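Listed below are the residues making up each chain.
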Amino acid sequence: MIEKKLEKLESILLEMKSVVVAFSGGIDSTFLLHVANRTLGRENVLAVTADSETFPDRELADTKELAAHLDASHEIISTSELNIPGYVENTSSRCYLCRDNLFENLKPLLETRHYKNIVFGLIADDMGEHRPGIIAAKEHGVRGPLQEADLYKSEIRELSKDMGLPNWNKPSYACLASRIAYEETITIEKLNRVDAAEQYIRELGMAQVRVRSHDEIARIEVAPEDMQKLASLHSRISEKLETLGFKFVTMDLAGYKSGSMNKSLSLSSPVSVD
C-alpha cells in the first residue's frame, strides 16, 4: 500500500514537470523535496524557505543543512508576517493570511524562473483540522502532492527512514505564532519568549514541546512519556519561564497535541476547504 502511494506521488510530480517547494525543513517538506529532486531532476526543482519573525534561526539553519544534504537548489527569501494587515490581531484566519503572503511571494518564481508549479507539505492528516492556509493554497493554485497521494505522517516517516533522510524522526514543528492564543495580539517579544522557553525545555531532554502563551500564563505541552520528567523539573522550569516574562507556569495534563489552540474554535463554524 505505501509503495503504491509513493508511486502515485512520483506520478503526480512527473505530471507537474517542475516545482518550487515551500521548504520549512520539517519532515513533510523535506520528504517532498527529496522525492521531487530524484523524480524530476535537480534542475527542475527549487526549494524556497521564508525567513521571518515566526521562524527561529535554528530552523533556518536546518533548512540550509538539509538542502545541502539533499543536493537541492535552495533559496531563502525574507518575509514579515507581522507586517501583514490583520496578522498581529491573531484571529482564526491568521494562517490564511500567512499562507496567502507566502504564496504571493513565491508566485513570481514561476514567471522569472520558468517553474510550472508551487507545492507545499500538506499531508492527509491535515484535512480534518482547522487549516485555513489550505484555502489560500487553493486560491493561488498551489498543490499538496503528499495529500493528493493520500500520504499520512506515519507513512512519510517510514518512507523517509527507508530513504535515509536525516530528519525522519524530527518532532513536529509549527511556526511560533501558533503558540499564541487566538485573539491575543502577536508581538516579536511574545514570539521570542515562547521560543526561548521551548528551547530551554528541549535542552532538558524533551524533544516534543510546546509552550502555549495565554497572556501571562505559559501552558506547557510535552509528549506523554516526558510528563513525569517535566513535573520532576517543575521548579527549574517555572523559575526560568518566569524570568522570561510569564507570571504563571502550568503543565497541560493532556500532553502534546498538534493544533491544541484550535479547541477555542470548537463552537465556531469549521473552515471549508472544499
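Each value, and the rule that gives it
The written sequence of each chain sets the order in which its residues are numbered from 1. Owing to the predicted nature of the model, reporting of local features is limited to residues with pLDDT of at least 70; listing and counting of side-chain atom pairs is limited to 80 or more, with chain, interface and lining totals taken over all residues. Excluding hydrogens and water, the side-chain values take into account all heavy atoms of the structure. Helix numbering and strand numbering both begin at the N terminus, where a helix is a DSSP run of H or I of at least 4 residues and a strand a DSSP run of E of at least 2. An expected span of 1.5 Å times one less than the residue number is assigned to each helix. The criterion used for residue contact is that any of the two residues' heavy atoms lie within 4.5 Å. For helices, the axis comes from a line fit to the C-alpha atoms of the stretch in contact; other axes are also lines fit to C-alpha atoms, and the angle between any two N-to-C directions lies between 0 and 180 degrees. By definition in this entry, angles of less than 35 degrees are roughly parallel, angles greater than 145 are roughly antiparallel, angles of 65 to 115 are roughly perpendicular, and the rest are oblique. Residue type decides the class: Asp, Glu, Lys and Arg count as charged, Ala, Val, Leu, Ile, Met, Phe, Trp, Tyr, Cys and Pro as nonpolar, and the leftover types, Gly among them, as polar. Any two of the Phe, Tyr and Trp rings considered here, Trp counted by its six-membered ring, make a pair once their centres fall within 6.5 Å; the pair's planes then place it as stacked at under 30 degrees, edge-to-face at over 60, or tilted in between. With a 1.4 Å probe rolled over the protein chains alone, any residue whose accessible area is under 20% of its type maximum counts as buried; one over 50% counts as exposed, and the rest are partly exposed. The criterion for a charge sitting over a ring is simple: Lys NZ or Arg CZ within 6 Å of the ring centre, and within 35 degrees of the ring normal. UniProt positions are given in the numbering used here, feature names are shortened, and annotations may be inferred rather than shown by experiment. Disulfides are defined as pairs of cysteine sulfur atoms found within 2.5 Å of each other. Two strands form a pair only when DSSP identifies at least two bridges running between them.

(A) Geometry of helix α3 (residues 57–69). Taking 1.5 Å of rise per residue, the 13 residues of α3 would be expected to cover 18 Å, and the 18 Å separating its terminal C-alpha atoms lies within 8% of that figure. Of the surrounding secondary structure, the elements contacted by the buried residues of α3 are α2 (27–40), β2 (45–51) and β3 (74–78). Positive phi appears at D71, one or two residues downstream of α3, with a value of about 55°.

(B) Quick look at the packing of helix α1 (residues 2–16) against helix α8 (residues 153–162). For the pair α1 and α8, interaxial distance at closest approach is 11 Å and the crossing angle is 85°. On the basis of the axis angle, α1 is roughly perpendicular to α8. Listed contacts from α8 to I2, K5 and L6 of α1 are E155, E158 and L159. Taken together, the residues of the contact of α1 with α8 break down into three nonpolar, no polar and three charged.

(C) Summary view of the packing of aromatic side chains. Enumeration according to the criterion identifies one aromatic pair in this entry. Relative to F120, the ring of F103 lies with its centre 5.5 Å away and its plane at 70°, an arrangement referred to as edge-to-face. Here F103 is found in helix α4 (residues 94–106), whereas its partner F120 is found in the loop between β4 (117–119) and α6 (133–140), with 17 residues between them in sequence. With respect to class, F103 is no different from F120; both count as buried. The aromatic ring of F246 is capped on one face by R193, whose charged end is 3.9 Å from the ring centroid.

(D) Structural context of the UniProt feature "active site" (unreviewed entry) in the protein chain. The sites that UniProt annotates as "active site" (unreviewed entry) are C175. With respect to the secondary-structure elements, C175 resides in the loop between α8 and α9 (188–203). In this view, C175 contacts T54 and Y87; residues no more than four positions away in its chain are not counted.

(E) Structural view of the state of the cysteines. Under the counting rule described, the total for this entry stands at zero disulfides. Free of any disulfide, C95 has its nearest neighbouring cysteine sulfur in C175, separated by 6.0 Å. The class of C95 is partly exposed, set by a relative accessible area of 30%. Unpaired in this structure, C175 has its nearest cysteine sulfur neighbour in C98, at a distance of 5.8 Å.

(F) Just the sheet that holds β4, in detail. Read across the open sheet, the four strands follow the order β3-β2-β1-β4; overall the sheet is parallel. The outermost strands of the open sheet, each flanked by one partner alone, are β3 and β4. Within the sheet, the average angular offset between the axes of one strand and its neighbour, ignoring direction, is 30°. Packing of α2 onto the sheet brings it into contact with β1 (19–22), β2 and β4, and relative to β1 it is tilted by some 165°. Running at roughly 160° to β3, α3 makes contact with β2 and β3 of the sheet.

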